[in-house]
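Chains, contacts and geometry: an overview
For reference, the chains in residue letters:
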Amino acid sequence: MEREEEGNLEILLKWASEIGISNSPISLSDRSCLSSCLCHSLFVSHFPDAGGRGLAAARPLRRGELVLRVPKSALMTRESLSKDQRFSIVVNAPSSLSPIQILIVGLLYEMNKGRSSWWYPYLVNLPRGYDILATFGEFEKQALQVDDAIWTAEKATLKAESEWKEANPLMKELNLKPQFLTFRAWLWASATISSRTLHVPWDEAGCLCPVGDLFNYVAPGEEDSAHTLDLEQLDSHSQRLTDGGFEEDVVAYCFYARRHYEKGEQVLLGYGTYTNLELLEHYGFLLNDNSNEKVFIPLQPEICSSNTWPKDSMFIHQSGKPSFALLSALRIWATPRNQRRPASHLAYSGSQLSAENEILVMRWISKNCNCILKSLPTSFEEDRFLLSAIDKMQDSCSPLELRNTVASSTAHIHAFLEANGLQDGEDVAELLSSRKTKREMDRWRLAIQWRVRYKEILINCISHCSRVIDSFTPQNI
């Protein structure tokens, strides 16, 4: 399998070079670079703990330096797909399908062509499966435990199913083979579009960008804060603020280094600002350290009506600290009604109103975080232990080792095995060797990872509130 993937990758990079995808300032007449479009600045590598297959710096890279250029002709868009006359005639007929649905159909149409597709070297390198929320089964959805997260996963599946049914007549008109008409195929194509498309100004559905979609994700701001630079030492080229985008003057999608990279470092791309649940919904992964992560706690209607902050601005940060808006809103709410108006200007400026007010606010937040934690089926410690047990199962080298691991594992692992069809007397190793079960275990692990991070933030918030309360001495009160 690995040898096949390496061969497919070599074919992709050679094809990409031939169609003008490049990061080299060297003229294409230099034949030494035609075997790969990445010869000058990047190379494909594997990062087990940071996204899997990705792109690494082949040499030291400067912040703002061009690292990859993909011409418009290489982008898969509704426009480029419509060069196929049959596809163009069918998709341009009056339809209620969205631009994204049409792009999904176009991807399946090209997959249906097999080796005859112009995109074949790219298509065979696409992942065979994804872990976006729409692909979660009922067991994995319930493993999220938090009602809002479960509902988000259920909505994602229902939306995908509805869009598939709407697009089915069009796919049948295009004479797609039966395997490409299934909901499973639609989920795969939908996940490909959701997780890999990049923005282009002329099409709201975006584009699939060969080679450009090999960059793994970093949350915006993370790398910039970790590698602070003196802007006066940077030239105007290196002060570029974007990772990349479509540039009309060169008619290509261009990618730039977001910071200085040493040789061998993974070169990352910021797709946008997402919480972990949003990353799961659209991309199928999450970050243990996500600066954009948020936890929302239930707020009484009176809290929301006592201020002008939008509800989505009132949350708990990844660090466990309440957001500026949440603190401001609670400080006003904790003030007697007849004193709220004069106190509001202090609260909106971020000031504490009094020791009593601050202690009341912190106790309220702490109490609500505790209530949420106690309402969930498992504790933070149980979840951490469960993740460790799953890792042992996935790392087991032999059937005997796997059986021993399962025999000593938690009831939750036995529940997962039963949910996936393990019957009494069946070989656990045989069940877990199937690609389907492995994929479902990966999704289950993602759900547990998500709830672990969710609970950890609540625990951190409780600790933060305790520190604030403890900072007030009896004299202050």
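Right, let's walk through the structure included here. Please read these numbers as outputs of a predicted model, since none were measured by experiment. (Residues numbered from 1 in each chain as written. Predicted model: local features only at pLDDT ≥ 70, side-chain atom pairs only at ≥ 80, totals over all residues. Heavy atoms only, no water.)

In terms of helices and strands, the protein chain carries 19 helices and 11 strands. The proportion of buried residues among the 477 residues of the protein chain is 52%. Long-range contacts, defined here as pairs at least 24 residues apart, represent 68% of the contacts in the protein chain between residues at least 6 apart. (Helix = DSSP H or I, 4+ residues; strand = E, 2+ residues; numbered from the N terminus. Buried < 20%, exposed > 50% of the residue type's maximum accessible area, 1.4 Å probe, protein only. Contact = heavy atoms within 4.5 Å.)

With 4 of its 5 residues buried, strand S5 (residues 203-207) lies for the most part within the structure. Of the pairings in the sheet, the one linking strand S4 (residues 198-200) to S5 comprises 2 bridges and is antiparallel in character. Following the sheet pairing, leucine 198 is matched in S5 by cysteine 207. With antiparallel pairing between neighbouring strands as the criterion, S4 and S5 make up a hairpin whose turn holds 2 residues. (Pairing = 2+ DSSP bridges.)

Turning next to the pattern of salt bridges. Counting across every chain of the model gives 19 salt bridges. One salt bridge connects aspartate 84 with lysine 113, and the closest N-O pair in it is separated by 2.7 Å. In this pair, aspartate 84 sits in the loop between helix H2 (78-81) and helix H3 (85-91) while lysine 113 sits in helix H4 (residues 99-113), placing the two residues 29 residues apart along the sequence. On the basis of relative accessibility, which here comes to 18%, the residue aspartate 84 falls in the buried class. (Salt bridge = Lys/Arg side-chain N within 4 Å of Asp/Glu carboxyl O.)

Throughout the structure, instances matching the rule amount to 17 aromatic pairs. Between tryptophan 118 and tryptophan 119, the ring centres sit 4.7 Å apart and the planes meet at 85°, which makes this aromatic pair edge-to-face. For tryptophan 118, a relative accessible area of 42% gives the class partly exposed. One aromatic cluster is present, built from ring pairs that chain together Trp15, Trp118 and Trp119. Between the NZ or CZ atom of lysine 72 and the centre of the ring of tryptophan 202, over which it lies, the distance is 4.4 Å. (Phe/Tyr/Trp six-rings, centres within 6.5 Å; stacked < 30°, edge-to-face > 60°. Lys NZ or Arg CZ within 6 Å of the ring centre and 35° of its normal.)

Pairing within the open sheet is antiparallel, and its 3 strands lie in the order S3-S8-S7. Every other strand in the sheet has two partners, leaving strand S3 (66-71) and strand S7 (244-247) as the edge strands with one partner each. This sheet shows a mean twist of 20° between the axes of neighbouring strands, independent of strand direction. Pairing of S7 with strand S8 (residues 252-256) involves 4 bridges; the strand directions are antiparallel. Note that in S8 the partner of glutamate 247 across the bridge is alanine 252. (Axes fitted to C-alpha atoms, helices over the stretch in contact; angles between N-to-C directions.)

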